[in-house]
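# Observations on the model geometry
So you can see what is in the structure, the chains are spelled out below.
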Amino acid sequence: MEFRDCQFLDCAKSKENFVGDPEVNKGLGGYFVGNGTSELIFSNCVFRGNRVFNSQLKYIRGAGAYFANYAQVVMNDCIFAHNGVSFTSQGKNLTFQEYKDGGAFSAENSKIVANRCQFLANNLLSNNNGNFLPSSIVMLNGSVCGGSVFTNCLWAGNQVSKCNTDSYGIPNNAGMLSITTSAAADPVDVVNCTYYCNLVDAQNSPVSINVFAGKLNAVNSIFYGAVTGIYQNVAKQIYVHSGASADISNCLIEEDEDVGCENGGTLVMNDCLFNQDPNFVGTELWNCLNRRISVSNYSNTDTRKKTYINHDNFAIYDMTNLNVHVKSSAGYYDENTGELVTFRRESSPAVDAGKKLGEIKEREPHGNKVNLGFYGNTPWATLSARHGLSVIVR
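Residues numbered from 1 in each chain as written. Predicted model: local features only at pLDDT ≥ 70, side-chain atom pairs only at ≥ 80, totals over all residues. Heavy atoms only, no water.

### Brief notes about the nonpolar core
Rules: Only buried residues count toward a nonpolar core, which is a set of Ala, Val, Leu, Ile, Met, Phe, Trp, Tyr and Cys residues joined through side-chain atoms within 4.5 Å. Type-normalised accessible area, obtained with a 1.4 Å probe on protein chains alone, sets the label of each residue: buried when under 20%, exposed when over 50%, and partly exposed for intermediate values. In this description a helix means any DSSP run of H or I spanning at least four residues, a strand means any run of E spanning at least two, and both kinds are numbered starting from the N terminus. Contacts are assigned to residue pairs that have any heavy atoms within 4.5 Å of one another.
In terms of nonpolar packing, the biggest core is built from 58 residues, with Phe 42, Phe 105, Phe 150 and Trp 155 touching the most fellow members. In terms of residue count, the dominant contributor to this core is strand β22 (residues 174–180) (four residues). Aside from chain neighbours lying at most four places away, what touches Trp 155 is Phe 119, Ile 137, Val 138, Phe 150, Met 176, Leu 177, Cys 193, Thr 194, Tyr 195, Tyr 196 and Asn 198. Grouped together as the second largest cluster of nonpolar side chains are 19 residues, Ile 222, Val 326, Ala 350 and Leu 372 included.

Okay, here's the thing in structure tokens:
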């Protein structure tokens, strides 16, 4: 089955229509269950505004979409934005904290192939119990999810924050992408992706990729601008749990301690860049995010804290204006206008820092190398600086 140019918008559950059965509260925007051999294809589709408006969020799995038992789910040029928990529910007390995963989408035993997809300003509350699946913006659960591939995808302005009760303990396990497959499964590949300005407030939880079980291969990607809350106690960008493994190469990672591994896990890193600014063209999201981060008490009588993005204001920022092109004096061709945009005497360490994995799809000059991040190895990648002699005739 194939969906082209479809929109799954503003499907919501409120207190009036909330059901405490996890089987019912799956896939607000779209609920898709296959037979193990079937395939789904989404092209240029939008999943937006599929959220829960409720103070009793016991179950929510796959707010934007829920996929189960597909041999393959292919997503090309899709956008998942403002899904998950309503911004206005952010400060409300919650009765239960069980099974909240897949703010954008949740996949169970389904291989995901995502190309040029964007996950923007999705919002979720963290589970307060380590026995449940990680509270994540994108959730991969089950051995069939092994072999999933995310190529030229963007996670920006998303958050997983603390709910307003300590009844079930400290928030535990979260991330933008959580991998819960198996040691025998194929690795999940993250290729030329960008994680930028996301927030997580939970222990045992990185902001970007949580390798809870299974394998991760991350290459040619950028991890920058992660925001952590007061409960975060492990590496900020990528964390590998015991029994899981990750191979990370040719990635730009904000700080050298931002990747970590629990005892019993396996972490291999090669040719990564640390402590360097990717020099994105757009800084509006970063500036806006910093203005909207709040640390507040759970209630007027409670001294305990949580950290979250004030989405009531943050949501006003138009995510379509987000620009994660990286700078160079040679510039880049804008994917909407075709205009060449240049930056005098400015450059990014992400240019030409990637590993060549096959055909180079960047325009000349590309230095026979690929860039890191969302636009790397595409026709819209930032051009390599030209080297040579310049002659000025007066």
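### Looking at empty space enclosed by the protein
To keep it simple, the criterion reads: Here a cavity is any set of points on a 1 Å grid over the protein atoms alone where a 1.4 Å probe fits but cannot get out, and a pocket is any open set with protein on both sides within 12 Å along at least 5 of 7 lines; a residue lines the site when it has an atom within 4 Å of a point. Grid points are joined across faces, edges and corners, and a volume is the space filled by probe spheres set on the points. All residues other than Ala, Val, Leu, Ile, Met, Phe, Trp, Tyr, Cys, Pro, Asp, Glu, Lys and Arg, Gly among them, are scored as polar; the first ten of these are nonpolar and the last four charged.
Tallied over the full model, the rule gives one cavity of 30 Å³ or more. Taken as a whole, the largest cavity holds about 50 Å³ of empty space. Around the largest cavity sit Val 324, His 325, Val 326, Asn 371, Leu 372, Gly 373, Phe 374, Tyr 375, Gly 376, Ala 381 and Thr 382, which together line it. Residue composition of the lining of the largest cavity, grouped by class: six nonpolar, five polar and no charged.

### Let's talk about the sheet that holds strand β6 (residues 46–48)
Which entries qualify depends on this criterion: Any two strands are treated as partners once DSSP identifies two or more bridges connecting them.
Strands sit in the order β2-β6-β11-β16-β20-β24-β28-β32-β35 across an open sheet of nine strands; the sheet is parallel. Looking at strand neighbours, the two that pair on one side only are β2 (7–9) and β35 (273–274), the edges of this open sheet. As paired strands, strand β32 (residues 252–253) and β35 are joined by two bridges and run parallel to one another. Each bridged residue has a counterpart across the sheet, and for Ile 253 the counterpart in β35 is Phe 274.

### Re the pairing of strand β26 (residues 209–213)
With four bridges connecting them, β22 and β26 associate as parallel partners. From the neighbouring strand, Ile 179 faces β26, where its bridge partner is Val 211. Relative to strand β30 (residues 238–240), β26 runs parallel, the two being bridged by three bridges. The partner of Ile 209 across the bridge, within β30, is Ile 238.

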